[in-house]
Amino acid sequence: MSVSTLTATARPALAPPARRAVALWLFFGAAMIFAMVVIGGVTRLTESGLSIVRWEPISGTLPPLSEADWQTQFTLYQQSPQYQQVNRGMSLAEFKTIFWWEFIHRLWGRLIGVVFAVPMLIFWLRGAFDGALKRRVLLLFALGGLQGAIGWWMVASGLRDVPAVSAYRLATHLGMALVIYALTLWTAFGLVQPRAATPNRAAEKRAATGFLALIAVTILAGAFVAGLDAGMIYNEFPFMGDGLVPPDYRNPALSVVQNIFENHAAVQFHHRVLAMAVAAGAWA
């Protein structure tokens with residue numbers, strides 16, 4: 001077998017220009033999704049996520065444009081549990097700060113939808129998608145719409161009695177973002193460099209898949225830490241209290257499942273262990 005034949009077998013040819021254009025669009029979309037997660041994190045840290053108490057997919061695209069509009073938004077917020085129990089006495093100027101972070105977060109989601117939908121339609125009409133790619137982009141589009149609904153479902157959980165969103169819903173929202181991000185990148189990389197007929201490397205594929213799953217579980221565990229504010233306790237490392245395992249790791253008042261997902265000490269401990277496992281897996 002010649003060297004040229006070996007090279008052709010080991011490395012697939014680059015994708016044609018049309019497929020590279022589609023891949024570039026998907027890579028840009030993935031970058032926007034990554035930025036969306038960062039903006040969401042800032043929104044969480046600034047406790048801004050409950051500042052907009054209504055979901056208005058169309059009219060909510062525009063921010064308040066007059067002092068009367070601002071006062072209307074502020075009045076609505078003053079009726080929420082977060083204002084009543086946490087931020088009572090907040091000024092309008094202080095409200096504007098948290099409002100803008102949540103508004104930017106929602107607006108960025110809408111921009112992702114536009115950046116995805118318009119090029120998708122153009123590529124579709126120009127015949128840039130084959131059957132499999134049509135199904136893939138339609139799935140991504142549907143998941144993006146579902147993510148918007150999940151986001152409001154999450155926010156709504158903090159607008160009732162307790163001014164905090166459900167940690168389970170927060171993890172669902174973040175988990176869906178990870179699914180969309182990973183699927184977008186996977187599709188884009190597949191267009192740039194399709195799979196080649198390489199020798200069977202089942203062990204390496206299993207290791208890579210397992211490592212990615214471990215990273216995903218670690219990130220989702222972090223969502224529970226954030227949702228419960230569990231990071232506010234045990235600020236030393238590697239010890240938690242008097243030992244490596246926190247003394248209140250097991251709460252007898254909770255079931256096994258509740259202890260895993262709702263006990264602050266256990267949630268933080270699991271996240272730490274998973275993070276160290278990721279570091280070890282990356283080294284390995």
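Structure: see above.
Residues numbered from 1 in each chain as written. Predicted model: local features only at pLDDT ≥ 70, side-chain atom pairs only at ≥ 80, totals over all residues. Heavy atoms only, no water.

Asks: Tell me what's going on with the overall build of the protein chain, and back it up with residues and numbers.
Replies: Within the protein chain, the secondary structure is distributed over ten helices and zero strands. Overall, the protein chain shows an N-to-C arrangement of helices and strands of α-α-α-α-α-α-α-α-α-α. Looking at the 284 residues of the protein chain, the share that counts as buried comes to 35%. Contacts in the protein chain between residues far apart in sequence, at least 24 positions, make up 75% of those at least 6 positions apart. Positive and negative side-chain charges of the protein chain, numbering 21 and 14 respectively, have mean locations separated by a distance of 18 Å. (Helix = DSSP H or I, 4+ residues; strand = E, 2+ residues; numbered from the N terminus. Buried < 20%, exposed > 50% of the residue type's maximum accessible area, 1.4 Å probe, protein only. Contact = heavy atoms within 4.5 Å. Lys, Arg positive; Asp, Glu negative; His and termini not counted. Charge placed at Lys NZ, Arg CZ, Asp CG, Glu CD.)

Asks: Quick one: what's the story with unusual backbone geometry, residue by residue and with numbers?
Replies: Of note, the amide linkage connecting Phe237 to Pro238 takes the cis form, showing an omega dihedral of 5°. Of note, the phi angle at Glu47 is positive, near 55°, even though the residue is not glycine. Among the structural elements, Glu47 can be located in the loop between helix H2 (17-45) and helix H3 (67-78). Accessibility expressed as a relative area gives 47% for Glu47, which makes it partly exposed.

None of this, on its own, says anything about what the molecule does.
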